[in-house]
Amino acid sequence: MIQTRTTLLLFLLTMAFSANAQNFKFGKVSDAELSETFNPNDSSAAATVLYRSKSVRFNYAQGAGFTIITDVFERIKIYNKAGFDYATISQILYRNDSDAESISGLKAYTYSLVNGKVEKSKMEKSAVFTTELSKYRNEEKFTLPNIKEGSVIEYEYKIISPFYYSIDEIVLQYDIPIKKQEITIATPEYFNFKTSMKGYLAVTPKYGAKSGNINLTNKNRTTGGGFDVTSTKYSNQNIDFKINTTDYSMTNVPALKEEPFVNDMNNYRSSVDYELQYIKFPQQLQENYATTWEAVIKKIYESEGFGLQLKSTRYFKEDLEAIKSKTSSPLELIGGIFFHVQNHMNWNNIYGYYVDKGVRTAYKERTGNIADINLILTAMLQEAGLDASPVLVSTRSHGVPMFPTREGFNYVIASVEIDGEMVLLDATNKYARPNLLPTRTLNWFGKKIEKDGSSVSVNLFPSQLSEDKIQMSVKLNENGSLNGKLRHTNRYYNAYLFRNKYANSNEEDYLEKLENRNNGMEISNYEIKNKKDISKPVQESYEFILERQADVIGDKIYFSPLFHLVETENPFKLEERRYPVDFTFPQRDKYLVTITIPDDYEVISKPEDMTIGLIDGIGTFQYKIMGSGQQLQLMVDLKLNQPIIAAEHYSYLKEFFKNLVEKQTEKVVLAKITSNGTTESTGKGR
């Protein structure tokens, strides 16, 4: 009987605790939420969204039409200092001419347990900052006050948007876990949206419908003859319509974990996109938006901010004639025009396939957005008589447009057909060149727009291997230190990346970082060639001293023949992977190492040669060590022939890199020669 009562009491207490913990009304933070020290489903999480609510609805105002109202409410638990960043909230607001999104009703509080009591801190208006990011975007950012380890924060606000034709992407997954979220999208029957899901979470929306009503007031004036008084009569008109609803209710949403070799994790974040297909109001013609690629491309091409810009040519006529006078072949002409635009123009860090300033103004001011610069480039190529076309692109951080959509693109480059080959060009980066696009554009495919407004898909990935080659000659000393010379050559995209990162850096600062990156190496006689000459590979050479590169144990020395260049850890650790592995571009790493061993030692063991390949010719790895006497030669050659490796090949890739790492970490074993000229053999070392 006592046991039964105890069980009942525990049950009732549990129910009471659960009911209290599930009170998600603003301002009702529970003791349990404040006391929680870690997420039971993800103990590594620095913070957790306890509750998230988002409601997107349409509101009609007579004289103004429809607007979109988005209600946001979030409550977040911060476990430790690593979670403090989640107390800063950022909201992007769009604007276009006189129309702009705005935030209203913002309130935010921090709750903390201090000496067993709840301390409540209100965020002041001075903590809110608005930053103009571009002509079309503002950022509203605020930080919650008095954040401590264990704090709970909550905030709510409304976004009011005049852009009734556009619903922002609905994100369903964060970088931290979400315990519970409730999201509702309600759209009037007049707006037809197509939804597309992204990510790998199992999401089951609940669809429904409810009634909506618009009340219109009509004003009629009548004027009598002669001196009769003018009268005004008002009448009301009620319009009933259907509202389509979609509800997303989810619990224990896992965090999106960062993984190596991903183009952008946001591309795999679970979310839902709403793309407007058409608007159909009563007694009005249907207005179509995005339905087919042909319709999307045609609408972009015929716009004033895109296609009409290609017809404007007078502003560069004189410069083009000067370029043409110095070239004697189509290839030279392409290069001459490209490098002129690249040197003449400066990118203002604003993306877009529509011009910002317009090509004439941008050319005169020598600065512009992506479209300003690359549409100038395309127009000059066309005016020179070349078969040039613009190519719409979605950058790596913007995702891959799988369905016909204007929002799917955010970038434009140029293309030229010559001798049956296509040359792709982007003049917005100072270290790009024909057929070497900035890495931000290497994202599956683009849409090349023909002069009639039609389009064809264009593969954006390069096929040429980008080489990273190191030639190193070292003398190994008896104490395990190295004296050596090294030549490092970067070609193609490796040279592009080097120049973008280091071309304008201070040499002393660069060498200090290089020494630190290589285990405290001492570098002397440093020389670099072609640092900014984009037509040639970047080549560095230097001499160095490096300590502790071998283990000296008794009369034996153990070392990896790659020394500080060795790959000691497999970057692929997950048992399985849902995302493709993205190496950005095909690449080749080649090491040629010559090793002189101490005079009084000889090789008693060295790693065996290895040649392995990846499935479907994706890649190969060669390891070959040769030589005798006091000198060894090592050749290591890794080729990754494809930039993208599908998730279904992940297990092969993981095993490939496992073998690669094991081979590189195998040891050469040296033994000291005794006075009678012999050594004691020990078998292979690892």
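In this text the structure is predicted, and so the values were computed from the model without any measurement.

## A short note on the overall build of the protein
Counting its regular elements, the protein contains 10 helices and 37 strands. Every one of the 686 residues in the protein was classed for burial, and the buried ones make up 47%. Across the protein, contacts joining residues at least 24 apart in sequence account for 70% of those joining residues at least 6 apart. With an accessible surface of roughly 35100 Å², the protein has 47% of that area assigned to carbon and sulfur atoms.

## Quick look at the side chain of Lys556
By the secondary structure assignment, Lys556 is in strand β29 (residues 556-559). For Lys556, a relative accessible area of 11% gives the class buried. A polar contact is formed between the side chain of Lys556 and the side chain of Asp555, at a distance of 3.5 Å.

## Digging into the packing of aromatic side chains
Aromatic ring pairs are reported here in terms of the distance separating the ring centres and the angle at which the planes meet. In this structure the tally under the stated criterion is 49 aromatic pairs. Pairing Tyr200 with Tyr579 gives two aromatic rings, centres 5.4 Å apart and planes at 55 degrees, and the pair type is tilted. Of this pair, Tyr200 sits in the loop between β12 (191-198) and β13 (206-222) while Tyr579 sits in the loop between β29 and β30 (581-582); the two residues are 379 residues apart in sequence, bridging distant segments of the chain. Exposure remark for Tyr200: the relative accessible area of 37% places this residue in the partly exposed category. Through pairs of rings, three or more aromatic residues link up here, namely Phe58, Tyr60, Phe66, Phe163, Tyr164, Tyr165, Tyr190, Phe191, Phe193, Phe241, Tyr274 and Phe281. Cation over ring: Lys120 sits above Tyr109, and NZ or CZ is 4.6 Å from the ring centre. The ring centre of Tyr623 lies 5.8 Å from the NZ or CZ of Lys663, which sits over that ring.

## Some remarks on the packing of helix α5 (residues 330-344) against helix α7 (residues 370-383)
Two elements in contact, α5 and α7, have axes whose closest approach is 10 Å; the angle formed by their N-to-C orientations is 150 degrees. Judged on the interaxial angle alone, α7 and α5 are roughly antiparallel. Relative to α7, α5 is oriented so that their crossing is right-handed. Where α5 approaches α7, its residues Ile334, Ile337, Phe338, His340 and Val341 are matched on the opposing element by Ile373, Ile376, Leu377, Met380 and Leu381.

## So, the nonpolar core
Counting 64 residues, the largest nonpolar core has Phe306, Ile337, Ile376, Leu377, Leu381 and Leu425 as its most contacted members. Considering each element in turn, this core owes the most residues, 9 residues, to α7. One finds Leu482, Leu514, Phe621 and Leu670 within the second-largest nonpolar core, a separate group that totals 53 residues.

## Some thoughts on the side chain of Arg577
By secondary structure assignment, the location of Arg577 is in the loop between β29 and β30. Here the side chain of Arg577 touches Phe261 through a polar contact of 3.0 Å, landing on its backbone oxygen. Looking at Arg577, its side chain comes within polar contact range of the main-chain oxygen of Tyr579, at 3.0 Å. Apart from the residues lying within four places of it in its own chain, the contact partners of Arg577 are Glu259, Pro260, Phe261, Val262, Phe572, Ala647 and Tyr650.

## Quick look at the pairing of strand β31 (residues 587-596)
Burial analysis of β31 places 7 of its 10 residues in the buried class, the great majority of the element. Note: strand β24 (residues 466-476) against β31, 10 bridges, orientation parallel. Note that in β31 the partner of Lys475 across the bridge is Thr596. Pairing of β31 with strand β35 (residues 631-640), which is carried by 10 bridges, proceeds in the antiparallel orientation. Bridging across to β35, Thr596 finds its partner in Gln631.

## Looking at α5
Between its first and last C-alpha, α5 extends 21 Å over 15 residues, near the 21 Å set by a 1.5 Å rise per residue. Taken as a whole, α5 has its buried residues at Leu333, Ile334, Gly335, Ile337, Phe338, Val341, Gln342 and His344. Next to the buried residues of α5 lie α4 (317-325), β17 (346-347), α6 (359-365), α7, β20 (411-418) and β21 (421-425).

## Some points on the sheet that holds β31
Sheet architecture is open: 8 strands sit in the order β26-β27-β25-β24-β31-β35-β34-β33, paired in mixed fashion. With partners counted over all chains shown, the strands left at the sheet margins are β26 (522-529) and β33 (610-613), one partner each. Sheet twist, expressed as the mean angle between neighbouring strand axes with direction ignored, is 10 degrees. On top of the sheet, helix α9 (residues 507-517) reaches β26 and β27 (538-546); it is set at about 125 degrees to β26, its chief contact.

## Brief notes about the pairing of strand β15 (residues 271-279)
Among the 9 residues that make up β15, 7 are buried, leaving the element largely enclosed by the rest of the structure. With 3 bridges joining them, strand β10 (residues 167-171) and β15 adopt antiparallel strand pairing. In the sheet register, Val171 faces β15, and the bridge partner there is Ser271. Pairing of β12 with β15, which is carried by 8 bridges, proceeds in the antiparallel orientation. Residue pairing across strands places Met197 opposite Val272, the latter belonging to β15.

Reading guide: rules and limits
- Residues numbered from 1 in each chain as written.
- Predicted model: local features only at pLDDT ≥ 70, side-chain atom pairs only at ≥ 80, totals over all residues.
- Heavy atoms only, no water.
- Helix = DSSP H or I, 4+ residues; strand = E, 2+ residues; numbered from the N terminus.
- Buried < 20%, exposed > 50% of the residue type's maximum accessible area, 1.4 Å probe, protein only.
- Contact = heavy atoms within 4.5 Å.
- Areas by Shrake-Rupley, 256 points an atom, 1.4 Å probe, with all protein chains shown as cover.
- Polar contact = N/O pair within 3.5 Å; in protein donor to acceptor, adjacent residues only side chain to side chain.
- Phe/Tyr/Trp six-rings, centres within 6.5 Å; stacked < 30°, edge-to-face > 60°.
- Lys NZ or Arg CZ within 6 Å of the ring centre and 35° of its normal.
- Axes fitted to C-alpha atoms, helices over the stretch in contact; angles between N-to-C directions.
- Parallel < 35°, antiparallel > 145°, perpendicular 65-115°, else oblique.
- Left-handed = near helix turned anticlockwise from the far one by under 90°.
- Core = buried A, V, L, I, M, F, W, Y, C linked by side-chain atoms within 4.5 Å.
- Pairing = 2+ DSSP bridges.
- Expected span 1.5 Å × (residues − 1).

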